[in-house]
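Chain by chain, the residues run as shown.
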Amino acid sequence: MSAHDSERYGELISKLRDVHLLESTSELLSWDQETMMPPAAVDHRANQLALLASLAHERATAKELGDLLESLPENMLDACQDANLREARRSFARSTRLDAKLVSEIAETSSRAQHAWAAARQDSDFAQFQPWLEKMVKLMQLKADCLYEDDMGCAWDALAEEFEPGMRAQNLANLFAPLRTDLCKLLDDIRGSSRQIESTVTKIKLPISSQENMVRAISEQMGFDFNRGRLDRSAHPFCGGSHYADVRITTRFSGDNFLDALGSTMHEAGHGLYEQGLLAEHLGTPMGTAVSLGIHESQSRLWENQVGRSEAFWLWCHAQLPKFFGEAFSDFTAPDLYAASNRAEASLIRVEADESTYNLHIMIRFDLEMALIAGDLSPEDLPSAWNEAYCEYLDVEVPDDRQGCLQDVHWSCGLFGYFPTYTLGNLYAAQFYDQACQELGDLPTSFQNGEFHSLKTWLNEKVHAQGMRYSAGDLCREVTGRSLDSQGLIRYLRRKLEPLYGIPSLGVDSSPGD
Ligand code: ZN
């Protein structure tokens, strides 16, 4: 790279970092809004966030930035610089293709539609939300028109690109078809089993302060660095903050369901480890940014499920309980708690679903939103299509819209193309964890001793430190030597649930590649 190019590359990085400063300031204000802010501050906070968003958008779409991106030569840079240039160009092209008027109309509709959705959900009355959904679907179709690229197969792809770059509806359909067959078979096996799992452990009343001490200790044991992060409470747990040295995770507590607080915290701490694992030297650039929502979700699910719902984890965790809860769990053995944390059952509500049925909830949303965006399903027919799909996929009857198509906030705020990233997270998690077990040896024995450091360090190196160097699909191939498939997840679920439910083995317990 010539001295001139090197200087221009330096200018590019400095401009990207300025945008990141604005965006990360917004993230901090959003965190504050969900955790600390007094209710009366809501209007002023909305103004603060709106101004910051428009300043960031202005800078991210500035002509000088576009000129710089165009003038820099490709393939004359090192791999990190190439990745930064490629991703900065991609993001610039997407931002500038969206009409400013459309962006502000989506933002405004989203805030009003969310209110309408909340009221409709409370009253379990889809009709109140329907006009807003109609408007939002039209806006999303316009957005997809602006963002559609030649290598995409349908309008939905253009929306999903924002969350999972490079993932197409067709790839997802190919992944989901065998996954659905295998999950339904597993669910049938569980339903047909004479052995069922008790849920009494989730009915023990425990002081919130003790639960908080416990989940804080577990996060620390996982390697979450409280010198570079915080754990607070919010109604809906999330991971936010501003950068690798200031990561804010939140959790929630209920008086009696300790497993919910534990699972939520391990999930968010998994997200937090990813953010803390991004490299300081790449701060504010694509190389210092998480690659996709699917990969982000793989980090949270891996800690929540592969670790937090494992037998070895419970052998260790069970021994820690008296420190926090005295005698409260004295009637339960480690295997009791392990079983309770793995109870599987078809249900109506996605966020309460267990590890295996969860993915069927996602497939339903994927089918329906594809049909909405393609214009094959009219918003007024959503409730009946939803209820039919729940019968077909999960064999459950939906009694009302509150427990049906009004349960999720996503579509009201224009998040179309987002849902599949949850299942992608589960698939990537299973595949990464398989690989970690092969490379690190006996992980369960480490977990049994409360030792999670080797897994955390492995994820730091293989996933977190890579930033956006690879696409999500390429990262999966780099780390595991294989393209993403659904077999890893099925193997993992069967290996665990067959013995717990006394199901005769299907014999899928072979290592990958066999
Ligand atoms: Zn998550």
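All values reported here derive from a predicted model rather than from experimental measurement.

Student: Can you tell me about the state of the cysteines, naming the residues and giving the values?
Tutor: Tallying each qualifying case throughout the model produces 0 disulfides. As a non-bridged cysteine, cysteine 184 has cysteine 391 as the owner of its nearest cysteine sulfur, 13 Å distant. With no disulfide partner, cysteine 437 has as its closest neighbouring cysteine sulfur the one in cysteine 476, 15 Å distant.

Student: I'd like to hear about the coordination of the zinc ion, residue by residue, with values.
Tutor: Distances from the zinc ion to its protein donors, His267 (NE2), His271 (NE2) and Glu297 (OE), fall at 2.1 to 2.3 Å. Linear spacing of the donor residues for the zinc ion on their chain is H-x3-H-x25-E. Taken as a pair, histidine 267 and histidine 271 lie in helix α10 (residues 258–276) at a separation of 4 residues, close to a single helical turn. The pair histidine 267 / histidine 271 is uniform in exposure class, with both members buried.

Student: Before we move on, can you summarise the pattern of salt bridges with the specific residues and values?
Tutor: Oppositely charged side chains may form a pair once their charged atoms are brought near each other. In this structure the tally under the stated criterion is 32 salt bridges. A salt bridge links arginine 86 to glutamate 87, with the shortest nitrogen-to-oxygen separation between them at 3.0 Å. A salt bridge links lysine 462 to glutamate 439; the nearest nitrogen and oxygen atoms lie 3.5 Å apart. One end of the pair, lysine 462, is in helix α18 (residues 453–462); the other, glutamate 439, is in helix α16 (residues 420–440), with 23 residues separating them in the sequence. With a relative accessible area of 23%, lysine 462 lands in the partly exposed category.

Student: Break down empty space enclosed by the protein for me, with residues and values.
Tutor: On inspection of all chains with the given rule, the structure shows 1 cavity of 30 Å³ or more. If you add up the space inside the largest cavity, you get close to 50 Å³. Surrounding the largest cavity, Trp117, Phe129, Trp386, Cys405, Asp408, Trp411, Ser412 and Phe419 form its lining. When grouped by side-chain class, the residues that make up the lining of the largest cavity number 6 nonpolar, 1 polar and 1 charged.

Student: Describe the side chain of serine 210, and please don't skip the residues or the numbers.
Tutor: Along the chain, the position of serine 210 falls in helix α9 (residues 208–222). Owing to a relative accessible area of 15%, serine 210 belongs among the buried residues under this scheme. Discounting chain neighbours no more than four positions away, the residues touching serine 210 are Phe324 and Phe325.

Student: Give a description of the packing of helix α8 (residues 169–192) against helix α14 (residues 358–374) that names residues and reports values.
Tutor: The contact between α8 and α14 brings their axes to 10 Å, and the two run at 140°. Considered as vectors, α8 and α14 are oriented oblique to each other. The crossing of α8 and α14 is left-handed. Contacts from Ala169, Leu172, Ala173, Phe176, Leu179, Arg180, Leu183, Cys184 and Leu187 of α8 reach α14 at Asn359, Leu360, Met363, Phe366 and Met370. When the residues that make up the contact of α8 with α14 are grouped by side-chain class, the tally is 12 nonpolar, 1 polar and 1 charged.

What counts, and at which threshold
Residues numbered from 1 in each chain as written. Predicted model: local features only at pLDDT ≥ 70, side-chain atom pairs only at ≥ 80, totals over all residues. Heavy atoms only, no water. Disulfide = S-S within 2.5 Å. Donors = N, O, S within 2.8 Å, 3.2 Å for Na, K, Ca; no water. Helix = DSSP H or I, 4+ residues; strand = E, 2+ residues; numbered from the N terminus. Buried < 20%, exposed > 50% of the residue type's maximum accessible area, 1.4 Å probe, protein only. Salt bridge = Lys/Arg side-chain N within 4 Å of Asp/Glu carboxyl O. 1 Å grid on protein atoms, 1.4 Å probe; cavity = no way out; pocket = protein on both sides within 12 Å on 5 of 7 lines; lining within 4 Å. Points joined across faces, edges and corners; volume = space filled by probe spheres on them. Nonpolar A, V, L, I, M, F, W, Y, C, P; charged D, E, K, R; others polar. Contact = heavy atoms within 4.5 Å. Axes fitted to C-alpha atoms, helices over the stretch in contact; angles between N-to-C directions. Parallel < 35°, antiparallel > 145°, perpendicular 65-115°, else oblique. Left-handed = near helix turned anticlockwise from the far one by under 90°.

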